[in-house]
Amino acid sequence: MGATKAEKEYVFKVNLKGSRRVSRTIALRGDQTLDDLHEAIFAAFDRFDAHLYSFYFPKAPTRRGSAAPKPKEYTAPQMFDEPDPFDDESRFDAAATKLADLRLRPGQTFEYLFDFGDCWWHEGIVEAVNISVPRARYAQIRESRGASPPQYEGVDE
């Protein structure tokens, strides 16, 4: 019998895209959502001003040399407040998406975009899938490498 969603722990390493020197290692339980992962990244990178965000999980190509399919987008729940006439149904609610339901595996990569205006792109990788620690508080920031750049240039935070 497999572990329940709450019994699985997912460890992610997230860095600013193009800068592996600024990264955070974050652990969450499988019954937590992508919105919880967003909140953990938001805190870990010392953000203070909330904005919309999206996670992008590409699927592996079906055969060698074939074009990769369009990634699935999991976005902030506020994006669903009003219908989008151009929506192609490839967007999902991050707050309704449990980590365990994504069937994440070590080595799987994803992208995370915070603030659609300033475009803070991040790269992420699933470092490990473990058994969670009973009664431990999650999300956990396990490692912080490099200083977070200011959310806005020239603004005291």
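The structure reproduced in this document is the subject of the present report. (Residues numbered from 1 in each chain as written. Predicted model: local features only at pLDDT ≥ 70, side-chain atom pairs only at ≥ 80, totals over all residues. Heavy atoms only, no water.)

As a further point, take the overall build of the chain. In terms of helices and strands, the chain carries one helix and eight strands. Tracing the chain from N to C terminus, the helices and strands come up as β-β-α-β-β-β-β-β-β. Residue burial in the chain is summarised as follows: out of 157 residues, 38% are buried. Considering only intrachain contacts with a sequence separation of at least 6, the fraction spanning at least 24 residues in the chain is 62%. Working note: accessible area of the chain is about 9500 Å², and carbon and sulfur atoms make up 50% of it. (Helix = DSSP H or I, 4+ residues; strand = E, 2+ residues; numbered from the N terminus. Buried < 20%, exposed > 50% of the residue type's maximum accessible area, 1.4 Å probe, protein only. Contact = heavy atoms within 4.5 Å. Areas by Shrake-Rupley, 256 points an atom, 1.4 Å probe, with all protein chains shown as cover.)

Our focus in this paragraph is unusual backbone geometry. Backbone torsion omega between tyrosine 138 and alanine 139 reads 10°, so that peptide bond is classified as cis. For alanine 139, the position within the fold is in the loop between strand S7 (120-131) and strand S8 (140-145). Its identity is not glycine, yet arginine 103 carries a phi of approximately 55°, on the positive side. Residue position: arginine 103 is located in the loop between strand S5 (91-93) and strand S6 (109-114). Looking at arginine 103, the relative accessible area reads 66%, which means it is exposed.

Turning next to the environment of valine 129. Here valine 129 is to be found in strand S7. With sequence-adjacent residues up to four places away left out, valine 129 is seen in contact with Lys8, Glu9, Tyr10, Leu104 and Pro106.

Moving on, we come to the pairing of S6. Taken together, the four bridges between strand S3 (residues 53-57) and S6 define a ladder with antiparallel strand orientation. The residue bridging tyrosine 53 from the neighbouring strand is phenylalanine 114, located in S6. In this structure, the hairpin formed by S6 and S7 is closed by a connection of five residues, where aspartate 115 is found at a positive phi of approximately 70°. (Pairing = 2+ DSSP bridges.)

Turning next to the side chain of aspartate 115. Here aspartate 115 shows up in the loop between S6 and S7. For the buried aspartate 115, no salt bridge exists, and the shortest N-O distance to an oppositely charged side chain is 7.9 Å, to arginine 47. A distance of 3.5 Å separates polar atoms of two side chains, one belonging to aspartate 115 and the other to histidine 51. At 3.2 Å, the side chain of aspartate 115 and the backbone nitrogen of aspartate 118 are in polar contact. Once residues within four sequence positions are removed from consideration, aspartate 115 is found in contact with His51, Leu52, Trp120 and Tyr152. (Lys, Arg positive; Asp, Glu negative; His and termini not counted. Salt bridge = Lys/Arg side-chain N within 4 Å of Asp/Glu carboxyl O. Polar contact = N/O pair within 3.5 Å; in protein donor to acceptor, adjacent residues only side chain to side chain.)

Okay, the sheet that holds S8 next. Reading across from one edge, S5-S4-S3-S6-S7-S1-S2-S8 is the order of the eight strands in this open sheet, with mixed pairing throughout. Sheet topology places S5 and S8 at the edges, where each strand pairs with a single neighbour. Neighbour-to-neighbour, the strand axes of this sheet turn through a mean angle of 25°, independent of strand direction. (Axes fitted to C-alpha atoms, helices over the stretch in contact; angles between N-to-C directions.)

Turning our eyes to something else, we now look at the pattern of salt bridges. In the structure shown here, the tally under the stated rule is five salt bridges. In this structure, arginine 142 and glutamate 9 form a salt bridge, with 2.5 Å as the shortest nitrogen-oxygen distance. Residue arginine 142 is found in strand S8, and its partner glutamate 9 is found in strand S1 (residues 8-16); the two are separated by 133 residues along the sequence. For arginine 142, a relative accessible area of 41% puts it in the partly exposed group. Residue classification places glutamate 9 among the buried residues on the basis of a relative accessible area of 4%. The shortest N-O distance in the salt bridge between aspartate 31 and arginine 29 comes to 2.8 Å. For aspartate 31, a relative accessible area of 26% corresponds to the partly exposed category. Note on arginine 29: relative accessible area 22%, which makes it partly exposed.

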